[in-house]
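What follows is the residue order along each chain.
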Amino acid sequence: MTDQTTARHTEANVVLRQVGKPLERTDAEGKATGRTRYAGDYTMPGMLHAKVLRSDIASGKLKRLDASKARALPGVTAILTAEDLPDRLAATDMPGQTGQKRAATDRQILVREIIRHHGEPLALIAAETPAIADKAHDLIEYEIEPLPGVYETSAALQAGAPVVTEPDNIVGEHKIRKGDTEKGFAEADHIIENTFHTQFIEHAFLEPEVGLAWVDENGVINIRMSTQVIEHFRFIADAMGVPHNKVRILGAMVGGGFGGKEDITVELYLALLAQATRRPVRLAYTREDSFVGHGKRHPFDITHKTGVTKDGKITALEVTIRADSGAYVFLSPYVLLYCAVAAPGPYRIDNVKIDSKAIATNNMYTSAFRGFGAAQACVAYEAQMDEIAKAISIDRFELRRHNFMRTGDKTATGQTVESAIWSDKCMTQALAALGEPTNAEGPVKVGRGVATYQQSYGRITWFHDTAEAWVGIEVDGTVIVRSGVTDIGAGQASALGQIAAELLGVGLDDVVVYNSDSAVTPLAGTTTATRALYMTGRAAHKASEILRGRLVEFAASELGVRPEDVDLANGQAFVIDNPESAMSLKDLAARGASEGLQRSELAMFRAPFTDPIDEETGQGPVFPDFTYGCHAVEVAVDTETGEVTVLKSVGAHDIGQAINPQAVEGQIEGGALMGQGYALSEELIYQEGKLVSPSFSEYLIPTSMDMPEIKSIILESRSGLGPFGAKGIGEPSLTPVAPAIANAIADAIGTRVFDLPITPEKIVRALREADENA
Amino acid sequence: MSLEKAISVEINGIDRELTAPANETLLDCLRRHGHFEVKSGCEKGDCGACAVQIDGEPVDSCLTLAWTVEGRSVTTLEGLNDAENPHPLIAAFLEHGSVQCGYCTPGIMIAAEAMLREKPDPTNEDIAIALSGNLCRCTGYTKIFTAVKQAAGVLRQGGGDD
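Residues numbered from 1 in each chain as written. Chains lettered and ligands numbered in written order. Predicted model: local features only at pLDDT ≥ 70, side-chain atom pairs only at ≥ 80, totals over all residues. Heavy atoms only, no water.

Participant: Would you take a moment to explain the overall build of chain A for this structure?
Facilitator: Looking only at helices and strands, chain A has 18 helices and 30 strands in total. Residue burial in chain A is summarised as follows: out of 774 residues, 64% are buried. Sequence separation of at least 24 residues holds for 81% of the intrachain contacts in chain A that already meet a minimum separation of 6. Computed over 74 positive and 104 negative side-chain charges, the separation of the two mean positions in chain A equals 2 Å. (Helix = DSSP H or I, 4+ residues; strand = E, 2+ residues; numbered from the N terminus. Buried < 20%, exposed > 50% of the residue type's maximum accessible area, 1.4 Å probe, protein only. Contact = heavy atoms within 4.5 Å. Lys, Arg positive; Asp, Glu negative; His and termini not counted. Charge placed at Lys NZ, Arg CZ, Asp CG, Glu CD.)

Participant: Teacher, can you tell me more about helix H7 (residues 267–277) of chain A here?
Facilitator: Every α-helix carries 3.6 residues per turn, so stepping three or four residues along brings you back to the same face. All names here are of chain A. Where burial is concerned, most of H7 is hidden: nine out of the 11 residues are buried. Glu 267, Leu 268, Tyr 269, Leu 270, Ala 271, Leu 272, Leu 273, Ala 274 and Thr 277 are the residues of H7 that are buried. Following H7 by one or two positions, Arg 278 has its phi on the positive side, about 55°.

Participant: How should I be thinking about the domain arrangement of chain B in this particular structure?
Facilitator: How big an interface is tends to be stated in terms of the accessible area lost upon association of its parts. All names here are of chain B. The domains assigned to chain B are domain 1 (4–79) and domain 2 (81–156). Taking only C-alpha atoms into account, the centre of domain 1 sits 21 Å from that of domain 2. Each partner contributes to the interface: domain 1 provides 18 residues, whereas domain 2 provides 14 residues. Summed over both sides, the interface between domain 1 and domain 2 buries roughly 1,200 Å², with carbon and sulfur atoms accounting for 58% of that surface. Contact with domain 2 buries area across many residues of domain 1, yet Lys 39, Gln 53 and Leu 77 alone supply 38% of it, more than any other trio. (Domains from an automatic or database assignment. Buried area = accessible area lost by both parts, 1.4 Å probe.)

Participant: What is the right way to read the interface of chain A and chain B from this model?
Facilitator: At the junction of the two partners, chain A supplies 53 residues and chain B supplies 41 residues. Where chain A abuts chain B, roughly 3,700 Å² becomes buried across the two surfaces, and 59% of that area is made up of carbon and sulfur atoms. With its nearest N and O atoms 2.8 Å apart, the salt bridge here joins A:Asp41 to B:Arg31. For the pair chain A and chain B, the interface holds 24 residue pairs in polar contact (both at pLDDT 80 or more). When contributions to the side of chain A that touches chain B are tallied by element, the ones reaching two or more residues are helix H1 (28–32), helix H8 (287–293) and helix H16 (661–680) of chain A. Broken down by element, the side of chain A that touches chain B gets its largest block of residues, eight residues, from H16(A). Residue classes in the side of chain A that touches chain B are distributed as 19 nonpolar, 18 polar and 16 charged. (Salt bridge = Lys/Arg side-chain N within 4 Å of Asp/Glu carboxyl O. Polar contact = N/O pair within 3.5 Å; in protein donor to acceptor, adjacent residues only side chain to side chain. Nonpolar A, V, L, I, M, F, W, Y, C, P; charged D, E, K, R; others polar.)

Participant: Explain the sheet that holds strand S6 (residues 114–115) of chain A here, please?
Facilitator: Backbone hydrogen bonds are what pair the strands of a sheet, in a parallel or an antiparallel way. All names here are of chain A. A sheet is described by the order of its strands in space; here three strands give the open sequence S6-S2-S8, paired in antiparallel fashion. If you trace the sheet from one side to the other, it starts and ends with S6 and strand S8 (141–146), each paired once. Where strand S2 (residues 60–66) and S6 come together, two bridges link them in antiparallel fashion. Bridge assignment links Gly 60 to a residue of S6, and that residue is Ile 115. (Pairing = 2+ DSSP bridges.)

Participant: Just checking my understanding: could you explain the packing of aromatic side chains for this structure?
Facilitator: Centre distance and the angle of the planes are the two values used to describe a pair of aromatic rings. Residues and elements named next belong to chain A. Going through the model one piece at a time under the given rule, you end up with 14 aromatic pairs over all chains. When the ring of Phe 330 is compared with that of Tyr 365, the centres are 3.9 Å apart and the planes differ by 5°; the resulting orientation is stacked. Taken as a pair, Phe 330 in the loop between strand S16 (314–326) and helix H9 (332–342) and Tyr 365 in the loop between strand S17 (352–360) and helix H10 (374–391) lie far apart in primary sequence, 35 residues in all. With a relative accessible area of 4%, Phe 330 lands in the buried category. Consider the rings of Tyr 347 and Phe 404, whose centres lie 5.6 Å apart with planes at 5°: the pair is stacked. Placement of the pair is Tyr 347 in the loop between H9 and S17 and Phe 404 in the loop between helix H11 (396–403) and helix H12 (423–433), with a sequence separation of 57 residues. Residues Tyr 347 and Phe 404 agree in their burial class; the two are buried. A connected cluster of aromatic rings, assembled from ring pairs, spans Tyr 338, Phe 372, Phe 623, Phe 626 and Tyr 628. If you follow Lys 305 out to its NZ or CZ, it ends over the ring of Phe 185, 4.7 Å from the centre. It is Arg 482 that lies over the ring of Trp 470; its NZ or CZ is 4.1 Å from the centre. (Phe/Tyr/Trp six-rings, centres within 6.5 Å; stacked < 30°, edge-to-face > 60°. Lys NZ or Arg CZ within 6 Å of the ring centre and 35° of its normal.)

Participant: Would you explain the nonpolar core in this entry?
Facilitator: Generally speaking, nonpolar side chains in soluble globular proteins are found buried as a group. In this structure, A:Ile321, A:Val635, A:Ile741, A:Ile745, A:Ile763, B:Phe93 and B:Val148 are the most contacted members of the largest nonpolar core, which totals 167 residues. Of all the elements, H10(A) adds the most residues to this core, at 10 residues. Once residues within four sequence positions are removed from consideration, B:Val148 is found in contact with B:Leu89, B:Phe93, B:Ala112, B:Met115, B:Leu116 and B:Ile127. Of all hydrophobic cores here, the second largest spans 40 residues; its members include A:Val471, A:Tyr534, A:Ala555 and A:Leu568. (Core = buried A, V, L, I, M, F, W, Y, C linked by side-chain atoms within 4.5 Å.)

Participant: Can you help me understand the packing of H10(A) against H11(A) in this one?
Facilitator: For any two helices packed against each other, one specifies the crossing angle of their axes together with the interaxial distance. Residues and elements named next belong to chain A. In contact at an axis separation of 9 Å, H10 and H11 are set at 115° when each is read in the N-to-C sense. When the axes of H10 and H11 are compared, the pair comes out roughly perpendicular. Between H10 and H11 lies a crossing of right-handed hand. Judged by residue contacts, Glu 382, Met 385, Asp 386, Ile 388 and Ala 389 of H10 engage Arg 396, Leu 399 and Arg 400 from H11. (Axes fitted to C-alpha atoms, helices over the stretch in contact; angles between N-to-C directions. Parallel < 35°, antiparallel > 145°, perpendicular 65-115°, else oblique. Left-handed = near helix turned anticlockwise from the far one by under 90°.)

What follows is the structure, encoded as structure tokens:
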């Protein structure tokens, strides 16, 4: 409350004293002292411990399931199998806020007969202790008859292939048609075609899925859990056959999400067991449960065929996309759509033809993961840009500059981008920040690469997305924010506090944010799709602004001036031209209360609403807006061993306006390392659909030993749709990293590995093949 | 039910008696006795979220049986947060935004504090090695390194509790 920053007026005529500052987040102290309670830290008297029995093969028929021995074990309270459940299904679609009809993508809750993926749940156990639950798990007898499965998308499309999803294993298809690609290819001097492959990867949040459920005195099933989406209470209620107001989901600070806690995880099992036993039930996944139990990032095969003139103008683009959606639909159609829309990259291309398919297999189902299809698209389009540059002997950065979209250009789906497109500026600054090249010695080669991108923030506009927030001022001048937003570690709750503090003239210390409770905090929608700050931030901004207006008006009458002469800052309402004439917010709120001034406001923010795009041409608006930026890296590659070391890693992103620049840097730095794992080391290995690498000793995420020198460059065009002109950074910070690394490796060794992850083995093989072809 | 016994152990400077079955890990035992600042991340010694110090040495509490700490001293993050003299690591993590989801934070502070006693002026490599058993998926480690270096500086100038 001591900040005396000079007034900086924005379009909203708001003095920025709190926003744009690297303030200590409201959640930081609790976490840094170990006092924050995560969902797994809650217990209740009489609590039972749950466990899930899963199929250990990917494709089969459940012939027999006998839980009688487990049920007879002392201390076992309930065993639920499909026999014990009504014949209901669980939704796997995107949770909406607006009551629109969801897609028909439901799945069985427990296996009734057919097993479609490794880890599909067969039975639920609740017992007095974790040890008894484990023992009961081992006492359940079952017999599974293996059935032929399908584990490759190409095999799943063949006639006579096992049908995982009726009728033909195709669970999603999108087409985009713009201009005339035949004409565009005819105008081209070169046509370059390449296929890129990405792998299954794991979110690897540090906190495994966990929750605690109980039925309260009103018959409401309460679930306290680690989730990105408290709005799943509706799907849980539907699956349970109870009204929506009889299920409540309470969050806690989430120990990482990255899309992996976007779909339903433990909540439905908890609800079923709590309802069956009428006792509190806790379910905590082991790390292996977590590896086996939630959806993965889709592997994609993406083929780019690009027509380009000799001076580097792209005249036509055809893209063919195939995604492995695994055994259930989940969010695959949307992930596929994101990939198709993102496929042309941040480039203006007049003639585009994109065909995409998501295909069911008996692999683990795939769903949301930071970047959501658009990250896979970037792996392909930015590698293709470097391949084009190499093929036609043109500078790869100039090739990009020649083709970047500019503000006012249309995307491949015909959506006009009205915000700033600072791709060039971001790329130039990122490259400059790499500094002097590192010297290469002996077999070690040094290379550099960039990737630029276009990544949406906010949900698909025909979802008609909304968010609510409530802001109030207490009679002592302190501020409370209530909003359903889940905080998955990026400071989602704290950002709302910073916005309210800015508008109400208090310090962040004077604000408490209550979030993530589907019954008590106004629903704000999901923490997904880089939408939390954009949507919830705007709702908090709107509520704060309305409240500010009332406070200013009341203060003006108290101070005997016009409302436009009053500002709020440093815990005071004061006359702008005569700051001595002031009253504290405490006095103002107390005076207001005694006069019946409304000291709170509930506001809803609505994203742009559109109708779905045309199915045949894919034409129409798809997203509210996009973030643009660049990641640049320098790598060293040992050509004898294939070992890659990332030396420097720079993210430069136009994020519109940083609400908390330190938190933005945190996203860029975290994205840099997550992208590095995606590029170099991470891959889930499935053998006939069975995950054979379900631990951190086999699945290698980057450690402190892998950290390069990371720089974050924040550009602020203030042109976004978020609060104070903010865009989003959660997903954009990750998206360009893996392709930048792939391009740097190709630059270093003179040949390309087209499949992620780029392991030492693949590098050595690529070098050998390049030698043989030379 | 496996055999249970009471073990005497000093936790964060306070003498305690904890009952534990023979097969219980220190992780489960500490959490059962209210030490929720010790996190469970993998239960296999791969991630470091459960790290505590035993007689000042960082260990994964998920790989340690509770009975083995009889007569020894255990330090958790709570032990670094002395009310009158909190460890400079805590202030440094707050100042530099080194905490995101926070789930790895307790283990990382435990590992970093042990390292700083050995290496009062750590290089990046010293920090990288000390934290190599502690996975973090949010931060890219960058701000953690910055905070650890700052805390080292504060300690060298005589700040903190020793």
